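# Secondary and tertiary structure notes
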Amino acid sequence: MEQKTPLITQTCIHRSLVLALLFLAMSSSFNKVSGALSAVGVNYGRVADNLPPPAQVAQLLQSQGIGKVKLYDADPATLQAFGNTGIEMAVMAPDGLIPSFASDANQALSWVTANIVPFIPATKIGVIMVGNEVLTRSDPAFTPLLVPAMWNLHTALIRLDLYQTIKITTPHAMDVLDLGTSYPPSSCTFKSSLASSVIHPLLDFHKDTGSPFMVDAYPFFAYRDDKGEHIPLDYALGGPTAVGFTDFRTGLHYTSLLDAQLDAVYAAMAKLNHSDVGIVLAETGWPSAGNATSEPGSTLNNAAEFNGNLVKRILSNPPLGTPLRPAFPIEAYIFEIFNENQKYSLSERSFGLFYPDMTPVYNIKFTN
Ligand SMILES: *[C@@H]1O[C@H](CO)[C@@H](O)[C@H](O)[C@H]1NC(C)=O
Ligand SMILES: *[C@@H]1O[C@H](CO)[C@@H](O)[C@H](O)[C@H]1NC(C)=O
């Protein structure tokens with residue numbers, strides 16, 4: 001995970017038998033294809049020197065029914081290891097390639113041909129992300145190149161006839177929003193330096209290609225930095241019994257800070273005339289340990305509750321969106337599979353759902 005800008009808003013919240021038999025027959029013919037994989041996604045961060053090999057990780061996730069994994073690279077050994085698992089991969093192209101993707105469609109085509117094509121269809125690759133938090137964290141020279149790079153990658157997918165199964169997107173930090181406008185969520189706008197120049201054409205891209213806007217949102221950081229002044233813990237954890245608050249402009253009621261954060265982004269998108277693009281949470285999570293003084297809330301129980309509430313939302317039937325966009329179900333990649341022992345602070349090292357020996361940090365059921 002990269003450095004997170006916390007703020008965002010206190011607010012800113014009998015046929016079946018035949019099918020079952022068919023499925024049994026299929027699973028016995030592919031030994032690695034497992035039963036039910038859910039829509040729950042996880043981030044596979046690897047700033048660590050003690051993690052198990054990717055093939056073991058693939059088995060762990062299959063055994064847990066976790067259906068989606070997001071990488072911070074396009075590591076060939078990892079893509080190979082997830083072959084025939086049915087787990088959908090979100091793969092990242094490095095920021096540094098953005099200028100060549102943007103200026104030369106053949107570079108985009110070569111990258112997809114070399115890094116994606118060899119692994120499909122055995123490995124299910126559903127998403128290619130172009131860099132990570134490029135608009136707020138990378139070389140500012142990349143900012144105007146991001147959307148052209150994404151178009152050239154999409155064009156490469158068209159040429160390779162992969163555009164229906166693979167979507168191009170890019171994750172953003174919450175500080176693409178103008179945090180001064182973040183209360184209440186309905187008042188949110190994108191930073192004026194980015195809104196019309198980059199975000200608007202980016203949303204056009206998402207609309208035209210049917211791909212989602214990706215954002216990293218962490219109620220934990222907002223709670224931590226608030227120091228107990230405005231944000232109640234139950235609201236930050238998104239528990240069903242939180243009192244929450246009402247957006248005085250829309251009358252919409254929020255019991256979850258994560259919903260308010262998502263709706264802040266939806267509201268900002270609506271101001272650019274794009275209520276037609278969905279959001280996927282590229283990262284969200286809660287640390288199970290941290291410095292009790294400087295990182296309040298970083299406890300095992302809170303981590304189990306936040307991620308447990310999130311998973312229940314993702315698995316809910318019918319799917320539940322946010323108060324502003326009830327028809328867009330929450331899609332998320334939890335940050336993250338493992339604790340990463342080479343991160344710089346105790347809480348940053350403690351976002352994992354599992355220890356490196358693959359035992360769970362706390363128990364969550366990832367399938368119904
Ligand atoms: C949104 O659409 C309205 C009505 O067509 C238009 O007046 C307005 O300029 C548009 N806003 C943006 C940011 O494109
Ligand atoms: C915890 O944070 C406080 C306040 O920043 C600091 O003084 C203390 O040294 C930290 N404790 C540890 C174990 O890092």
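Everything quoted here is computed from the prediction, not taken from an experiment.

What follows concerns the packing of helix α7 (residues 146-159) against helix α8 (residues 192-209). Closest axis-to-axis distance for the α7/α8 pair is 10 Å, and the angle between their directions is 15°. Taken together, the axis directions place α7 and α8 in an arrangement best described as roughly parallel. The element α7 and its partner α8 pack so that their crossing is left-handed. In contact with V147, M150, W151 and H154 of α7, α8 contributes V198, P201, L202, F205, H206, D208 and T209.

The next subject is the nonpolar core. Formed by 103 residues in total, the largest nonpolar core has its most connected members in F82, W111, F190 and F213. By size, the runner-up hydrophobic cluster in this structure holds eight residues, among which are M92, V127, V280 and Y333.

Our focus in this paragraph is empty space enclosed by the protein. Looking at the second largest cavity, its volume works out to about 50 Å³. Lining the second largest cavity, in full, are L262, Y266, I279, L281, T322, F328, P329, I330 and E331. Those elements that provide at least two residues to the lining of the second largest cavity are α11 (257-271) and β10 (279-284). Taken together, the residues of the lining of the second largest cavity sort by class into seven nonpolar, one polar and one charged.

Another point: the confidence of the model for the protein chain. Residues at a pLDDT of 70 or more form 90% of the protein chain, whose mean pLDDT is 91. Contacts for the low-pLDDT stretch residues 1-34, under 50 throughout, to residues beyond four places or in other chains number 79 contacts.

Turning to the site of ligand 1, a few remarks are in order. Close to ligand 1 lie H200, K271 and N273, which account for all nearby residues. At 2.2 Å, a side-chain N or O of N273 approaches an oxygen atom of ligand 1. Protein chains shield 29% of the accessible area of ligand 1, which is 360 Å² for the free molecule.

Once that is clear, we can look at the side chain of T123. Along the chain, T123 turns up in the loop between α5 (105-115) and β4 (124-130). Residue T123 is classed as buried on the basis of its relative accessible area, which comes to 2%. At 3.4 Å, the side chain of T123 and the backbone nitrogen of G83 are in polar contact. When residues no more than four places from it in sequence are discounted, the contact partners of T123 are L79, Q80, F82, G83, N84 and M89.

So, about the layout of surface pockets. Approximately 320 Å³ is the volume found for the largest pocket. For the lining of the largest pocket, the elements supplying multiple residues, two or more each, are α11 and α12 (300-315). The element contributing the most residues to the lining of the largest pocket is α12, with five residues. Class assignment of the residues belonging to the lining of the largest pocket gives a composition of eight nonpolar, seven polar and three charged. Each pocket or cavity is described by its volume, and for the second largest pocket that value is around 240 Å³. In terms of lining residues, the second largest pocket is bounded by 16 residues, among which S211, P212, I279, V280 and E331 are the most central. Classifying every residue of the lining of the second largest pocket by side-chain character gives nine nonpolar, three polar and four charged.

What counts, and at which threshold
Residues numbered from 1 in each chain as written. Chains lettered and ligands numbered in written order. Predicted model: local features only at pLDDT ≥ 70, side-chain atom pairs only at ≥ 80, totals over all residues. Heavy atoms only, no water. Axes fitted to C-alpha atoms, helices over the stretch in contact; angles between N-to-C directions. Helix = DSSP H or I, 4+ residues; strand = E, 2+ residues; numbered from the N terminus. Parallel < 35°, antiparallel > 145°, perpendicular 65-115°, else oblique. Left-handed = near helix turned anticlockwise from the far one by under 90°. Contact = heavy atoms within 4.5 Å. Core = buried A, V, L, I, M, F, W, Y, C linked by side-chain atoms within 4.5 Å. Buried < 20%, exposed > 50% of the residue type's maximum accessible area, 1.4 Å probe, protein only. 1 Å grid on protein atoms, 1.4 Å probe; cavity = no way out; pocket = protein on both sides within 12 Å on 5 of 7 lines; lining within 4 Å. Points joined across faces, edges and corners; volume = space filled by probe spheres on them. Nonpolar A, V, L, I, M, F, W, Y, C, P; charged D, E, K, R; others polar. pLDDT = per-residue confidence, 0-100. Near = heavy atom within 4 Å. Polar contact = N/O pair within 3.5 Å; in protein donor to acceptor, adjacent residues only side chain to side chain. Areas by Shrake-Rupley, 256 points an atom, 1.4 Å probe, with all protein chains shown as cover.

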